[in-house]
Amino acid sequence: MKQKKALMSGNEAIARGAYEYGVQVATGYPGTPSSEILEHVAKYEEIYAEWSVNEKVAMDAAIGAAYAGKRTMVAMKSVGMNVAADSFFYAVYTGVRGGLVIVSADDPGMFSSQNEQDNRQYGRFAKMPVLEPADSQEMKDFMGVALDLSEEWETPVLLRTVMRISHSASPVELGERRPDPGPTPPFKRDPHRLVCTCVWARDSHPVIEDRIRRLGAFANTCPINRLEWGDRDLGIVTSGAVYNYAREIFPEASFLKLGMSYPLPPALIRELADGVAQLLVIEELDPFFEEQIKAMGIDCRGKDVFPMVGELTPAVIEKYAAEAGLLPPEAVKGALPSGARQIAVPELPGRSPILCPGCPHRSTFYTLGNKMKDVIVTGGIGCYNLGALPPYNATDTMGAMGASIGVTHGLDIADIPDRFLAVIGDSSFFHAGIPALLNIVHNRGKGKVAILDNRTTAMTGHQDHPGNDFTLMGEKTRPVDIEQLVRACGVDQVYTVDAFDVKAVQQTYQEALDYDGPAVVIVEGPCFFVGPGASGAYAVDSDTCIACGICLRLGCPAIYRSEQIFEKTGKRKSAIDPVLCTGCDMCAQVCPQGAIHPIEDVESEE
Amino acid sequence: METINFMITGVGGQGTILASDILSAVGLAAGYDVKKSDILGLAVRGGAVMSHIRWGEKVHSPIIPEGRADYLLAFEILEGLRHLHQVQEAGHALINQQQIHPVTVSSGLTDYPDPAAADEALKSAVEHVYHVPGLQIAQEIGNPKVLNVALLGALSALLPVEASVWETVIAERVPERFKSLNTQAFRNGRTWMENNLQL
């Protein structure tokens, strides 16, 4: 019988793999490009799925489920692995019973991340195997391989994808789910193994060193490592997304396609190296294979040809391969500057992301960027990071989830003469903000924190968090009250303010900044996409508008300079796109002329 | 079977992702191997979005090699111009006649490309240029949201796949209550292109 084929994104295919290969528990924290994995898993009712409060908690929960014998998956983005690292390091020592697959979606090219880390390194660092699928079919298949490996070798397995595979789609053959094993048996105690206290963990270390060495030998025969013999002039070692590009650019070459990128298969690498005139390693980001291959005493080219930064797209591979004499220049057409298409395109304005119309964060960054320019603002990850960009230019630091509160405390203990404020979203506050706030209170700090509570994890696509009354699986749950939580952390000076009242937001920040002690401002207003929706568009009364441009400082995509000129200054008056406007009213509040009103009021006057 | 490379560009919220899903599924239904890659950006609205879709006998890379797109389907003029260099000289550029101003333009800091200069760039870069009134077609049907399917209708008239295959895939991919609206959008887009080709 012909198997059913479906076109699936990489993330969808991982979820399909989790379903078919019997995963029973899946946890994670949203982060581009990984977020869709768990959203797809949640559609299979056979699998328990949750958004955990952060990646470390997700990892610990997954480890616990795997200890209990469940096939388990935990998914996160590249930098999420840093948050979870403390936990998967111990899980390598304790080992697991049910298969535990850690999915890391990396982001070469930094489309939506603060750095360009290469998480294959975590395999070597933590001493666990790493698998790297190259397309959606492999995303599904490798989930099964990873679960089997994990159970057979009693180790967590890292399944590393990248944005280009997670967000690309290709055909996948669909199969049935393997039968569920039935009710969970009582927990099997084994403290000598599962308690990582130093005296016992010392016994585990030689075991994991031996295991990773034996896994290296296994890699030589592991079927997902594939020697593809072609022309003997050039042999290429590669993996993942880059394999696809290299296969097209060097159709005649011999390949070692690594499905398991750690530990490496020494015999296969030697076989390829001995069989070709020249060995080339093509890998995105770090010289992870290259350094290990060179350490084996095998000569190869790699990062002397290709860059260590950014995606190795077909264009990049062609350009650098041609420059290194590995490709004839005529084969690469547009990739070389000399062959690039010369088109007389007019100068094109960029299109960077911006707070959406109706965004509750707008009042905060309008205030900080215009009315409180002296305040040093520490930020974090989320839509509120757009406060760093024009027209606000309000945010001074941004490094990681929850970092704003710790960094602002650092400014405090460094005794800077400026005023300072930490800005954090609701989901980030639950994720990593609470310990930092406790730290301010305990250490007698005077940090000020703005929690921008938009009731969702917005930037990654509106996932639930502990402040919501529903879970990923759509069940009702108890929402956690942020104000109570902040007070329980020991902060006595807590303000709540309506995000859509611009003046009140400014006054509240002023009061909080003047307070001699730690203070928290909770700015309440739902993200437009989880709120009550649009409430009728506004319009500018062009007779009253004096083209002062103050409304434009809100950075709202719905407000634009019209063709109507204010004669006194020769400047263009403002107008509002009624399709984009959500009626949030902020522009009407900041207009010094009172020229902005609901559209029906403006039209009835005309 | 030659590989056919499609590039879809536009602005977040215009429906380009559904268009790239449908275009990929049509290729698969027509017997091609298919790969596609979406640059989604962030969840916020209004950013630039782009998809690569490739049909062929065996497609390895989901990304189109530099300068070798056969069809550019631009949902917005500026985003079309931005990726014009990715299209082959003998290729096709379908440009939806819609301007969406980025904030730097709407706030008066820079100007939107001059239409005459844009036309000149298009003409000099690509052999086949189509100024598709996609938004107008969609609005005539009564819902600007079917812009994506209207543009696919226009594209379909240039491709060797039966209209019935397209209509089946579209019916599978859109909500039940919008089926007839989308079928109409597809047909009107296709008819527009057929009439345009006869001119």
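Attention in this report is confined to the structure presented alongside it. Per chain, residue numbering runs from 1 following the sequence as it is written. Whichever chain is written first is A, and whichever ligand is written first is 1; the rest continue in order. Given that the model is predicted, a residue must reach a pLDDT of at least 70 before its local features are reported, and side-chain atom pairs must reach 80 or more before they are shown or counted; all residues, however, enter totals for whole chains, interfaces and linings. Hydrogens and water are ignored here; the side-chain numbers use all heavy atoms of the structure.

Here we look at the overall build of chain B
Consideration 1: Counting its secondary structure elements, chain B contains eight helices and six strands.
Consideration 2: Going from N to C terminus, chain B has its helices and strands arranged as β-α-β-β-β-α-β-α-α-β-α-α-α-α.
Consideration 3: Here the globule rule reads 2.2 Å times residues to the power 0.38, and the radius of gyration is calculated from C-alpha atoms. Here chain B has a C-alpha radius of gyration of 16 Å; the compact-globule value for 199 residues is 16 Å, and the two agree.
Consideration 4: If you line up chain B on its principal axes, its C-alpha atoms span 45 × 40 × 35 Å.
Consideration 5: Within chain B, buried positions represent 58% of all 199 residues. Strands here are runs of E lasting at least two residues and helices are runs of H or I lasting at least four, both read from the DSSP assignment and numbered beginning at the N terminus. Buried residues are those whose accessible area, probed at 1.4 Å on protein chains only, stays under 20% of the maximum for their type, while exposed residues exceed 50% and partly exposed ones sit between those limits.

Describing the sheet that holds strand β4 (residues 72-77) of chain A
Consideration 1: Between any two strands, at least two bridges found by DSSP are needed for them to pair. Strand order in the open sheet made by the seven strands is β3-β2-β4-β5-β7-β6-β12 (chain A), with mixed pairing throughout. The open sheet has two edge strands, β3 (48-51) and β12 (260-262) of chain A, and neither has a second partner.

Some thoughts on the side chain of Ser166 of chain A
Consideration 1: Within the fold, Ser166 of chain A resides in helix α7 (residues 163-166).
Consideration 2: Pairs of N or O atoms within 3.5 Å make up the polar contacts considered here, provided that, within protein, one atom can donate a hydrogen while the other can accept it, and that residues adjacent in sequence are counted only when both atoms are side-chain atoms. Within the local environment of Ser166 of chain A, its side chain forms a polar contact with the side chain of Asn11 of chain A, the two groups lying 2.8 Å apart.

Describing the environment of Lys145 of chain B
Consideration 1: Here Lys145 of chain B is to be found in the loop between α5 (134-141) and α6 (147-156).
Consideration 2: We classify Lys145 of chain B as exposed; its relative accessible area is 67%.

Things to note about the nonpolar core
Residue and element names in this part refer to chain A.
Consideration 1: Judged by nonpolar contacts, the single largest core of 106 residues is most densely connected at Met73, Phe88, Phe250, Ile282 and Ile293.
Consideration 2: Sorting elements by how many residues they give to this core places helix α6 (residues 136-153) first, with seven residues.
Consideration 3: Note that domain bounds follow an automatic or database assignment of domains. Viewed by domain, this core spans two of them, domain 1 (5-183 + 190-219) and domain 2 (225-331), each represented by three or more residues.
Consideration 4: Contact partners of Ile282, with chain neighbours within four places excluded, come to Ile236, Val237, Thr238, Val242, Ala246, Phe250, Phe306, Leu312 and Ile317.
Consideration 5: Membership of the second largest hydrophobic core comes to 44 residues, among which are Val377, Tyr384, Ala422 and Ile424. The criterion is simple. A nonpolar core is a set of buried Ala, Val, Leu, Ile, Met, Phe, Trp, Tyr and Cys residues joined through side-chain atoms within 4.5 Å. Contact definition: two residues touch when any of their heavy atoms are within 4.5 Å.

Side note on the interface of chain A and chain B
Consideration 1: Listed as interface residues are 50 residues of chain A and, on the opposing side, 55 residues of chain B.
Consideration 2: Once two parts are put together, the accessible area they lose, assessed with a 1.4 Å probe and summed over both, is termed the buried area. Overall, the association of chain A and chain B removes approximately 4,400 Å² of surface from exposure, summing both partners, and the carbon and sulfur fraction of that is 63%.
Consideration 3: Salt bridges are identified by distance alone: a Lys or Arg side-chain nitrogen within 4 Å of an Asp or Glu carboxyl oxygen. Connecting chain A to chain B are five salt bridges.
Consideration 4: Across the pair Arg68 of chain B and Glu318 of chain A runs a salt bridge whose closest N-O atoms are separated by 2.8 Å.
Consideration 5: When contributions to the side of chain A that touches chain B are tallied by element, the ones reaching two or more residues are α7, β8 (168-173), α10 (240-249), α13 (314-323) and β21 (559-566) of chain A.

Looking at a negative patch on the surface
All names here are of chain A.
Consideration 1: Distance thresholds for patches are 9 Å for like charges and 5 Å for nonpolar side chains (Val, Leu, Ile, Met, Phe, Trp, Tyr), applied to residues having over 30% relative accessible area and no salt bridge. Computed by Shrake-Rupley with a 1.4 Å probe, the accessible areas treat only the displayed protein chains as cover when residues are assessed. For the charge count, each Lys or Arg is scored as positive and each Asp or Glu as negative, with His and the chain ends excluded. Positions of charges follow a simple convention, taking NZ of Lys, CZ of Arg, CG of Asp or CD of Glu. Residues Asp481, Asp498, Asp501 and Glu524 make up a contiguous surface patch of negative charge.
Consideration 2: Within the secondary structure layout, Glu524 lies in strand β19 (residues 519-524).
Consideration 3: Glu524 gets classed as partly exposed once you look at its relative accessible area, which sits at 40%.

Regarding unusual backbone geometry
Residues and elements named next belong to chain A.
Consideration 1: Here the residue pair Tyr262 and Pro263 is connected by a cis peptide bond, since its omega of -10 degrees sits within 30 degrees of zero.
Consideration 2: With respect to the helices and strands, Pro263 occurs in the loop between β12 and α11 (266-275).
Consideration 3: Here the amide bond leading from Pro390 into Pro391 is cis, since omega sits at 0 degrees, within 30 degrees of zero.
Consideration 4: Position of Pro391 relative to the elements: it lies in the loop between β14 (376-379) and β15 (397-398).
Consideration 5: A positive phi is found at Leu285, a non-glycine position, where the angle reads about 65 degrees.

Here's the deal with a positive patch on the surface
Consideration 1: Side chains of Lys371, Lys373, Lys503 and Arg553 of chain A sit close together on the surface and give a patch of like positive charge.
Consideration 2: Here Lys373 of chain A lies in the loop between α14 (362-371) and β14.

Some words on the pairing of strand β5 (residues 100-106) of chain A
When a strand is regular, its side chains alternate between the sheet's two faces.
Residue and element names in this part refer to chain A.
Consideration 1: Burial runs high along β5: seven of the seven residues are buried.
Consideration 2: By the alternation rule, side chains of β5 split into Leu100, Ile102, Ser104 and Asp106 and Val101, Val103 and Ala105, which are all buried.
Consideration 3: Where β4 meets β5, six bridges bridge the pair, whose relative direction is parallel. Bridge pairing in β5 links Val74 to Ile102.
Consideration 4: The handedness of the β4 to β5 crossover, carried by helix α4 (residues 80-94), is right-handed.
Consideration 5: Here six bridges tie β5 to strand β7 (residues 157-162), and the two strands are oriented parallel to one another. For Ala105, the partnering residue across the bridge sits in β7 and is Thr161. Viewed with both strands pointing away, a crossover whose connecting path from the first strand over the helix to the second turns clockwise is right-handed.

Some remarks on α11 of chain A
Residues and elements named next belong to chain A.
Consideration 1: Buried within α11 are the following residues: Leu268, Ile269, Leu272 and Ala273. End-on view of α11: buried residues confined to an arc of 130 degrees, all on one side of the axis.
Consideration 2: Those residues of α11 hidden inside the fold are in contact with α9 (198-219), β9 (225-228), β10 (231-239), β11 (253-258), β13 (278-282) and α12 (288-295). In this description, the arc belongs to the directions extending from the helix axis to the C-beta atoms.

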